[in-house]
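Remarks on the overall topology
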Amino acid sequence: MAVAGFGPTQFFFASCISACFGLAALDVGRQFHYLMIKAGFVEDVYVGSSVVDMYAKGMAQHGRADNAIQIVNELAKTKTDPNQTTFICLLIACSHEGLLEESMFLFNMFCDNYKMEPESEPYCCLVDVLGRARKLCDAYKFIAGCLYNVGVSVWRTLVSACWKYKNVSIGDELAKRVLQLEPNVHASYVLLSNLYSEAGLWKESLEVRKILAKIGVTKDPGSSWVVINDQLHKFSIG
């Protein structure tokens, strides 16, 4: 762009910074942050939100909830309201550290103070932290009492927690509900099978595996990215 005589815009910086986190290139994102400051876009809301999201997500992945919340507090001083993505980052950070009270506080702030209509992901985060606290019944009541259609991903998150803590009574019901909603998703069958096997219900686990083999549902390959010596490397499995 510079060679062609075009200067960067706020949309350019916001897009590049968002892409850097998506590719796990946080160091490159910091360089774009520096260039953004140098270019004079410090007070631009669009660019500022992308910077906050990048750092908050990075800290969330490493469980640094206090640092992530501090970033949002600094953002509030500029009288810029955090967006939904920022709240999701905070909820993820709190979930990784098992901060249940903080998660509930943030979720209520998210809905009440900023009047945002949550999508599935914030609910997934809250259900995850409830699951980590082994409050599976509370998580179930929370989802069941929601006026908002939380989506199948939220139910699957709770099933995963039931599998982890061997709660077949709740997990079995929810897993079958997930299968009704997603009959062609490989992960849903595997989750139910694992739930049974973890509880020692080997016959039930085998039956689910047989159904999976019969209908021919295949698993999508997983992938991950890592930056080594300024080079992006992609790894796939499955």
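Located above this text is the structure these notes cover.
Rules behind the numbers
- Residues numbered from 1 in each chain as written.
- Predicted model: local features only at pLDDT ≥ 70, side-chain atom pairs only at ≥ 80, totals over all residues.
- Heavy atoms only, no water.
- Axes fitted to C-alpha atoms, helices over the stretch in contact; angles between N-to-C directions.
- Helix = DSSP H or I, 4+ residues; strand = E, 2+ residues; numbered from the N terminus.
- Parallel < 35°, antiparallel > 145°, perpendicular 65-115°, else oblique.
- Contact = heavy atoms within 4.5 Å.
- Buried < 20%, exposed > 50% of the residue type's maximum accessible area, 1.4 Å probe, protein only.
- Arc of directions from axis to C-beta.
- Disulfide = S-S within 2.5 Å.

**A few points about the packing of helix α8 (residues 136–144) against helix α9 (residues 152–164)**
Two elements in contact, α8 and α9, have axes whose closest approach is 11 Å; the angle formed by their N-to-C orientations is 170°. With respect to each other, α8 and α9 are oriented roughly antiparallel. Residues Leu136, Ala139, Tyr140, Ile143 and Ala144 of α8 lie in contact with α9, whose contacting residues are Val154, Trp155, Leu158, Ala161 and Cys162.

**What to know about the environment of Ala133**
Here Ala133 shows up in the loop between α7 (120–132) and α8. The spacing of Ala133 and Ala161 is 28 residues in sequence and 9.7 Å in space, taken between C-alpha atoms.

**Description of α8**
The set of residues buried in α8 consists of Leu136, Ala139 and Ile143. Down the axis, α8 shows its buried residues gathered within 60° of arc, on one side only. Close packing links the buried residues of α8 with α7, α9 and α10 (168–181).

**Observations regarding unusual backbone geometry**
Positive phi, close to 65°, is recorded for Arg134, a residue that is not glycine. With respect to the secondary-structure elements, Arg134 resides in the loop between α7 and α8. Among the residues examined, Arg134 registers a relative accessible area of 61% and is labelled exposed. The phi dihedral of Lys166 is positive, around 60°, even though this residue is not glycine. Mapping Lys166 onto the fold places it in the loop between α9 and α10.

**Focus: the state of the cysteines**
A full pass over the atoms with the stated rule returns zero disulfides. Cys162 supplies the cysteine sulfur nearest to Cys137, a cysteine that is in no disulfide, at a spacing of 8.5 Å. Residue classification places Cys137 among the partly exposed residues on the basis of a relative accessible area of 44%.

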